[in-house]
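If you want the building blocks of each chain, they are given just below.
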Amino acid sequence: MSTAACTSSSLPSLALPSLRDTAIPPAVRRGAWQIDAGQAMTLKAATNSLLRIRQGRVWVTRDATAQWGSEDLVLAPGESLAVAAGQRIVMEPWDGHGATYSWDAA
């Protein structure tokens, strides 16, 4: 079950057509999500979560907290980032190719 709230206005409407009318991308069937080149996504963790990069590289900006300032990171395949409950991140593919990631409870 996803623990994120997607707030990016660059994403298409969340109203999905019938599954029989639309093919489900292979990465989603395997429990991962895809982000296309040039697309940015904002995620806010409802619970402690783990962002894991499966394919491609992503640039992640973590919002500032009372303990830490804002932080920019580049994550490669196999790398992960712990995201605390209530924390928001913005991510986008780093090199113009898309990326595949998973977002799970920590």
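Definitions and cut-offs
Residues numbered from 1 in each chain as written. Predicted model: local features only at pLDDT ≥ 70, side-chain atom pairs only at ≥ 80, totals over all residues. Heavy atoms only, no water. Helix = DSSP H or I, 4+ residues; strand = E, 2+ residues; numbered from the N terminus. Buried < 20%, exposed > 50% of the residue type's maximum accessible area, 1.4 Å probe, protein only. Contact = heavy atoms within 4.5 Å. Areas by Shrake-Rupley, 256 points an atom, 1.4 Å probe, with all protein chains shown as cover. Patch = residues over 30% accessible without salt bridge, like charges linked within 9 Å, V, L, I, M, F, W, Y side chains within 5 Å. Salt bridge = Lys/Arg side-chain N within 4 Å of Asp/Glu carboxyl O. Core = buried A, V, L, I, M, F, W, Y, C linked by side-chain atoms within 4.5 Å. Pairing = 2+ DSSP bridges. Axes fitted to C-alpha atoms, helices over the stretch in contact; angles between N-to-C directions.

### What to know about the overall build of the chain
What the chain contains, in helices and strands, is one helix and nine strands. The N-to-C order of helical and strand elements in the chain reads β-α-β-β-β-β-β-β-β-β. The proportion of buried residues among the 106 residues of the chain is 27%. Within the chain, residue pairs in contact and separated by at least 24 positions form 76% of the contacts whose partners lie at least 6 positions apart. Surface summary for the chain: the accessible area is close to 6,700 Å², and the carbon and sulfur share equals 55%.

### Notes on a nonpolar patch on the surface
On the surface, a nonpolar cluster with roughly 270 Å² of combined accessible area is contributed by Trp59, Val74 and Trp94. With respect to the secondary-structure elements, Trp59 resides in strand β5 (residues 58-62). We classify Trp59 as partly exposed; its relative accessible area is 34%.

### A few points about the nonpolar core
Counting 16 residues, the largest nonpolar core has Leu51, Val60, Met91, Tyr101 and Trp103 as its most contacted members. Those elements that place two or more of their residues in this core are β3 (41-45), β4 (49-55), β5, β7 (80-83), β8 (88-93) and β9 (99-105).

### Some points on the sheet that holds β7
In spatial order, the strands read β2-β9-β4-β7; together these four strands make up an open sheet with antiparallel pairing. Edge positions in the open sheet fall to β2 (33-35) and β7, since each of these has one partner strand only. Ignoring which end each strand starts from, the neighbouring axes of this sheet average 30° apart. Two strands pair when backbone bridges link them, and β2 and β9 are joined in this way by three bridges, in the antiparallel orientation. Residue pairing for β9: Trp33 is matched across the bridge by Tyr101.

### As for the environment of Met91
Mapped onto the elements of the fold, Met91 is located in strand β8. We classify Met91 as buried; its relative accessible area is 0%. The residues touching Met91, leaving out its near neighbours within four places in the chain, are Ile35, Gln39, Ala40, Met41, Leu43, Leu51, Trp59, Val60 and Tyr101.

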